[in-house]
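Fold and contact review
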Amino acid sequence: VLSLAWLGLVLGEEKDGEVVVEEEEGEVLSDKLEEEEGVLVLHEHNFARALSEHRLLLVEFYAPWCGHCQRLAPAFSQAATTLRNESSPARLGKVDATAQTALANEFGITSYPTLKLFHDGNRTHPLAYTGRMDTEGIVRWMQRRAGPSATLLQDADTAAAFVSSQDLVVVGFFKDLGGEAAQVFHEVAREVVDLLFGVAQEAELFREYGLSDDTICLFKKFDEGRTDFPVDPARGLEVAELTKLLRVHSLKLVMEFTNETTNQIFTAKIPHHMILFLNKSSSAQLELQNGFRAAAGTFRGEVLFVVVDVNGYGADVLPFFGMTPADAPTLCLVKMENNRKYHMEQDSFSDTAIRTFIQAVLDGKVKPRLMSAEPPEDWNTRPVKVLVGKNFEQVAFDETKNVFVKFYAPWCSHCQAMAAAWEELGERYKDHENIVIAELDSTANELENITINGFPTLHYFPAGPGRKMVEYKSARDVETFSKFLENGGTLPEEPPAVSEVPPPEGQTPPTVAQGSPQL
């Protein structure tokens, strides 16, 4: 997820029941509500009216130039149409946050798109949207807020039909439906919109499902079939904990990476992924899944086991791992917090070998494998120096140079937009004695102690000892870049975010005497 940090109200007169405002340029705005493709077009003059007329209003704050917003637009419009066709009280609206700066400031909009739900006209405490960014996800999320979040089950036949209606069903059994635990359950049901929720109180149903105390049951048509989560009478239920349990146990013990499962895999927020890359057209490689599955149960909730077909849907992710289809079969564990990859080197794919490898990684006994492209021959003669994993240390931490590095992704539209400015900056400083302008493709190169979470990310590595790194967060134009560099890595408007980067394990910081290049 990429995040980017981004006119006064003129009094008007009232005509025919509408507030009409004339801007300085002659444009007339009113509080009339108009639509584009089923979505309300909102601005600071009609926003209050929209809140008063619609009990549930989901508003997208967008920027016209934002690629993510442009991709969301068709799904957002289709969701608006679907909800209207269902006669739902939920409506969708949109605000151009770059033009309606008063609204953007009021609601703290700093990235695009940002979606907020306004309930019963409450303007001061909107709810952040937490659903999927597609038509079905938006519709389901709004439906849960427009109607009951869980179906009341009152007899055995109704419960049986409900449980068998889908592959995954959650039923909360509570002796007191008005109690705190039941209320937490409903809160979770409103958020976890991709699961079907039911609730039961009848003693008959407790007996039918072999329960004596309050319990949440997850029914599934795979793996063990049912998982129970008893409610601790002393602790009760906690929203985050129950949500995580349902997310973890609603996944198959071993997930296949497909278009349909991608969202499940990444929204479960399991900290490690153990991936088996194989060619599904090979019967010998398919048999390797047996040991893989046998090892999976040991680490449930801590490690998610995923199978990737290197010639199928998973082919597109292979470059991220520095792999080709010819490398299958192979095993790799990924730490999700920093995308560090640990490749299992042994030839054995037994459950014992897999468990041993995973535990060694979790215990910090295995070093990650870091990708690095080969540096082009002219990497250090260009105005913008080309860094890769192999030469980053010697350049960025050269104690005689101040090095300004752009970490980018080739496909990133924001990176493409600032490419010309970065090249111009390189030209401006190409002959400078101690300032170096550089860039690193973070999709092809990994660094041991620096994690890049968004693109573009700009870091300044000042000359001198200490391996310091300053994150640049200001305007992305040549003049501001130059001001930053000429002031030694600071801007008067804000203090720099300085951190220290430890050297790679087993190495000492490079110095000029150790062979750092003179650029």
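Note that the coordinates shown come from a computational prediction; the quantities given were computed from them, not determined experimentally. (Residues numbered from 1 in each chain as written. Predicted model: local features only at pLDDT ≥ 70, side-chain atom pairs only at ≥ 80, totals over all residues. Heavy atoms only, no water.)

Looking at the overall build of the protein chain
When its secondary structure is counted, the protein chain shows 15 helices and 25 strands. The proportion of buried residues among the 519 residues of the protein chain is 47%. About 25500 Å² of surface is accessible on the protein chain, with carbon and sulfur atoms providing 49% of the total. (Helix = DSSP H or I, 4+ residues; strand = E, 2+ residues; numbered from the N terminus. Buried < 20%, exposed > 50% of the residue type's maximum accessible area, 1.4 Å probe, protein only. Areas by Shrake-Rupley, 256 points an atom, 1.4 Å probe, with all protein chains shown as cover.)

Regarding a negative patch on the surface
A cluster of acidic residues, Asp-155, Asp-157, Glu-202, Glu-204 and Glu-208, forms a negative patch on the protein surface. On the secondary structure map, Glu-202 appears in the loop between strand 12 (196-200) and helix 7 (203-208). (Patch = residues over 30% accessible without salt bridge, like charges linked within 9 Å, V, L, I, M, F, W, Y side chains within 5 Å. Salt bridge = Lys/Arg side-chain N within 4 Å of Asp/Glu carboxyl O. Lys, Arg positive; Asp, Glu negative; His and termini not counted. Charge placed at Lys NZ, Arg CZ, Asp CG, Glu CD.)

With respect to the sheet that holds strand 11 (residues 168-173)
Spatial strand order, 10-12-11-13-14: five strands in an open sheet with mixed pairing. Both edges of this open sheet fall to strand 10 (151-153) and strand 14 (226-230), since each of them pairs with a single strand only. Across the sheet, the axes of successive neighbouring strands diverge by a mean angle of 25°, strand direction being ignored. Bridge count for strand 10 against strand 12 is three bridges, and the pairing is parallel. Paired with Leu-153 across the strands is Ala-200, a residue of strand 12. (Pairing = 2+ DSSP bridges. Axes fitted to C-alpha atoms, helices over the stretch in contact; angles between N-to-C directions.)

So, the side chain of Thr-215
Mapped onto the secondary structure, Thr-215 falls in strand 13 (residues 215-220). Side-chain polar atoms of Thr-215 contact the backbone oxygen of Asp-213, separated by 2.9 Å. Among all residues touching Thr-215, those that are not within four sequence positions of it are Val-171, Gly-172, Phe-173, Asp-228, Phe-229, Pro-230 and Val-231. (Polar contact = N/O pair within 3.5 Å; in protein donor to acceptor, adjacent residues only side chain to side chain. Contact = heavy atoms within 4.5 Å.)

Side note on the confidence of the model for the protein chain
Mean pLDDT over the protein chain: 88, with 90% of residues reaching 70 or higher. For the protein chain, the element scoring lowest by mean pLDDT is strand 1 (residues 13-15), at 28; strand 13 scores highest, at 98. When the criterion is pLDDT under 50, residues 1-26 qualifies, and its contacts beyond four places in sequence or with other chains add up to 49 contacts. Across residues 508-519, confidence stays below pLDDT 50; counting only partners more than four residues off in sequence or on other chains, it has 28 contacts. (pLDDT = per-residue confidence, 0-100.)

Points about the layout of surface pockets
Its volume calculated, the second largest pocket comes out at about 740 Å³. Lining the second largest pocket are 31 residues, with Lys-252, Met-255, Glu-260, Thr-261 and Gln-264 sitting closest to its centre. Listed by contribution, the elements that provide at least two residues to the lining of the second largest pocket are helix 4 (135-146), strand 15 (254-256), helix 9 (262-267) and helix 11 (289-296). (1 Å grid on protein atoms, 1.4 Å probe; cavity = no way out; pocket = protein on both sides within 12 Å on 5 of 7 lines; lining within 4 Å. Points joined across faces, edges and corners; volume = space filled by probe spheres on them.)

Structural notes on empty space enclosed by the protein
By volume, the largest cavity amounts to about 60 Å³. Among the elements that line the lining of the largest cavity, the one with the most residues is strand 17 (residues 303-309), at three residues. A class-by-class count of the residues in the lining of the largest cavity yields eight nonpolar, one polar and two charged. (Nonpolar A, V, L, I, M, F, W, Y, C, P; charged D, E, K, R; others polar.)

Here we look at the sheet that holds strand 18 (residues 330-335)
Strand order in this open sheet of five strands is 15-17-16-18-19, and the pairing throughout is mixed. The sheet terminates laterally at strand 15 and strand 19 (340-343), the two strands that pair on one side only. Recorded for the sheet is a direction-independent mean angle of 25° between the axes of neighbouring strands. Bridge count for strand 18 against strand 19 is four bridges, and the pairing is antiparallel. Among the inter-strand pairings, Leu-333 is bridged to a residue of strand 19, identified as Tyr-342. Against the sheet, helix 11 engages strand 15, strand 16 (272-278), strand 17 and strand 18, with an angle of about 160° to strand 17. Set on the sheet, helix 12 (residues 351-362) makes contact with strand 16, strand 17, strand 18 and strand 19; between it and strand 18 the angle comes to about 30°.

As for the pairing of strand 23 (residues 457-461)
Look at any regular strand and the pattern is simple: side chains alternate between the two faces of the sheet. A large share of strand 23 lies buried, amounting to five of its five residues. Here strand 23 shows no split at all, with Thr-457, His-459 and Phe-461 on one side and Leu-458 and Tyr-460 on the other all buried. The sheet contact formed by strand 23 and strand 24 (residues 468-472) spans three bridges and is antiparallel. Residue pairing for strand 24: Tyr-460 is matched across the bridge by Val-470. With antiparallel pairing between neighbouring strands as the criterion, strand 23 and strand 24 make up a hairpin whose turn holds six residues, including Gly-464 at a positive phi of roughly 105°.

Some remarks on the nonpolar core
Counting residues in hydrophobic clusters, the biggest one holds 24 residues, and the most contacted among them are Leu-387, Phe-392, Val-405, Phe-407, Ile-450 and Phe-461. Counting residues per element, the ones that place at least two in this core are strand 20 (385-387), helix 13 (392-396), strand 21 (402-408) and strand 22 (435-441). Aside from chain neighbours lying at most four places away, what touches Ile-450 is Arg-340, Phe-392, Phe-461, Met-469 and Val-501. (Core = buried A, V, L, I, M, F, W, Y, C linked by side-chain atoms within 4.5 Å.)

Thoughts on the pattern of salt bridges
Scanning all chains against the criterion turns up 27 salt bridges. With a closest N to O distance of 2.9 Å, Lys-280 and Glu-256 form a salt bridge. Placement of Lys-280 in the loop between strand 16 and helix 10 (283-286) and of Glu-256 in strand 15 is noted, with a sequence separation of 24 residues between them. Classification of Lys-280 as partly exposed rests on a relative accessible area of 33%. Classification of Glu-256 as partly exposed rests on a relative accessible area of 35%. One network of salt bridges, in which partners are shared, links Arg-132, Asp-134, Glu-136 and Arg-140.

Here's the deal with helix 14 (residues 413-429)
With 17 residues, helix 14 should cover 24 Å at 1.5 Å per step; its first-to-last C-alpha distance of 25 Å lies within 8% of that length. Considered for burial, the residues of helix 14 that qualify are His-414, Cys-415, Met-418, Ala-421, Trp-422, Leu-425, Gly-426 and Tyr-429. Buried positions along helix 14 lie against helix 2 (67-85), strand 21, strand 22, strand 23 and helix 15 (478-486). (Expected span 1.5 Å × (residues − 1).)

With respect to unusual backbone geometry
Along the chain, Tyr-112 connects to Pro-113 via a cis peptide bond; the corresponding omega equals -10°. Mapping Pro-113 onto the fold places it in the loop between helix 3 (101-106) and strand 8 (114-119). Residue Pro-456 follows Phe-455 across a cis peptide bond; omega there is -15°. Relative to the assigned elements, Pro-456 resides in the loop between strand 22 and strand 23.

Overview of the environment of Lys-175
The topology assignment puts Lys-175 in the loop between strand 11 and helix 6 (180-191). As a C-alpha pair, Lys-175 and Glu-202 span 27 residues in sequence and 7.6 Å in three-dimensional space.

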